[in-house]
Amino acid sequence: RGHEELVFGYDARLLRKVWIHRLPKGAPQVADSVRRLGRMTRIRWLGGKRSDDANWDAYEAPSGKPFLTLLSRRLVWGSVRYWLLDLAEELRAGLKDESVPAVLGLDRIWITADGRAKLLDFAAPETGGKTAAGTPATRAAASSVAGRLFLKQVAVAALEGRVPGADSAFGRPVAAPLPLHARCFIDRLASLQDFGAVIEGLRPLLRRVASVTRWRRAGLVALS
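Only a predicted model underlies this, so the values are computations on that prediction, with no experimental measurement involved.

Focus on the packing of aromatic side chains
Using the criterion set out here, one finds four aromatic pairs in the structure. Between Trp19 and Phe122, the aromatic rings sit 6.3 Å apart at their centres with planes inclined by 70°, giving edge-to-face as the arrangement. Here Phe122 lies in the loop between β8 (117-119) and β9 (138-140) and Trp19 lies in strand β2 (residues 16-22), a separation of 103 residues in the sequence. For Phe122, a relative accessible area of 4% puts it in the buried group. Between Phe67 and Trp83 the ring centres are 6.3 Å apart and the planes differ by 90°, which places this aromatic pair in the edge-to-face class. Here Phe67, found in the loop between β5 (64-66) and α2 (77-97), pairs with Trp83, found in helix α2; they are 16 residues apart in sequence, far enough to count as distant. Taken as a pair, Phe67 and Trp83 share a single burial class, namely buried. Put simply, the rings of Trp19, Tyr59, Trp110 and Phe122 touch in pairs and so form one group of aromatic residues.

Some remarks on the nonpolar core
Of all hydrophobic cores here, the largest spans 42 residues; its most connected members are Phe67, Trp77, Leu151 and Phe185. Of all the secondary-structure elements, those providing two or more residues to this core are α2, β7 (109-112), β8, α3 (144-160), α4 (180-188) and α5 (195-202). In this view, Leu151 contacts Leu84, Leu87, Ala88, Leu91, Leu189, Phe195 and Val198; residues no more than four positions away in its chain are not counted.

About the criteria used
Residues numbered from 1 in each chain as written. Predicted model: local features only at pLDDT ≥ 70, side-chain atom pairs only at ≥ 80, totals over all residues. Heavy atoms only, no water. Phe/Tyr/Trp six-rings, centres within 6.5 Å; stacked < 30°, edge-to-face > 60°. Helix = DSSP H or I, 4+ residues; strand = E, 2+ residues; numbered from the N terminus. Buried < 20%, exposed > 50% of the residue type's maximum accessible area, 1.4 Å probe, protein only. Core = buried A, V, L, I, M, F, W, Y, C linked by side-chain atoms within 4.5 Å. Contact = heavy atoms within 4.5 Å.

Below is the structure:
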């Protein structure tokens, strides 16, 4: 068969759920840089096999949900800012050790039960065992520029509660109520120098007010 498949499994020895990523015949081995990953922002590779009749890799199956399944409504900046920081730190580390996934897409983000964002090497499974609906908004992860455009897309998708078109997220403001400091950061996110600049810009915002209050919103309307 010439397609990939992601199924749920169970490790009876270690008593834990796993994801089995089935691959077509001739698929390359997982890179050593990915096998060694131990960061909280990636899933752990547990083992794999390549043969004429079986090609698969096993990964930890974290609790949580695919990012795409959360986009039925607008998500709050108070959560989104932490996800952006997780992804920015992972992309910076991934470029350094050459473990960045070959493709960056909204369907390749997993949000854990404790509110962390993990970057996946394949489309996320739904909690029912199926693969999450794909999105055309994917980019080759060959550079820091592609990664920063991806982060802007993540921000727009989360805050607007929908999947934006491939390029519609980059040339306009976010259509959602946001504190001014958050809006300014998102507007300039894709143009920042590198992931270090993204992280330095985000960290102070974790201590700032995360929502526009009713009285503040009323003041903005009065001034408009």
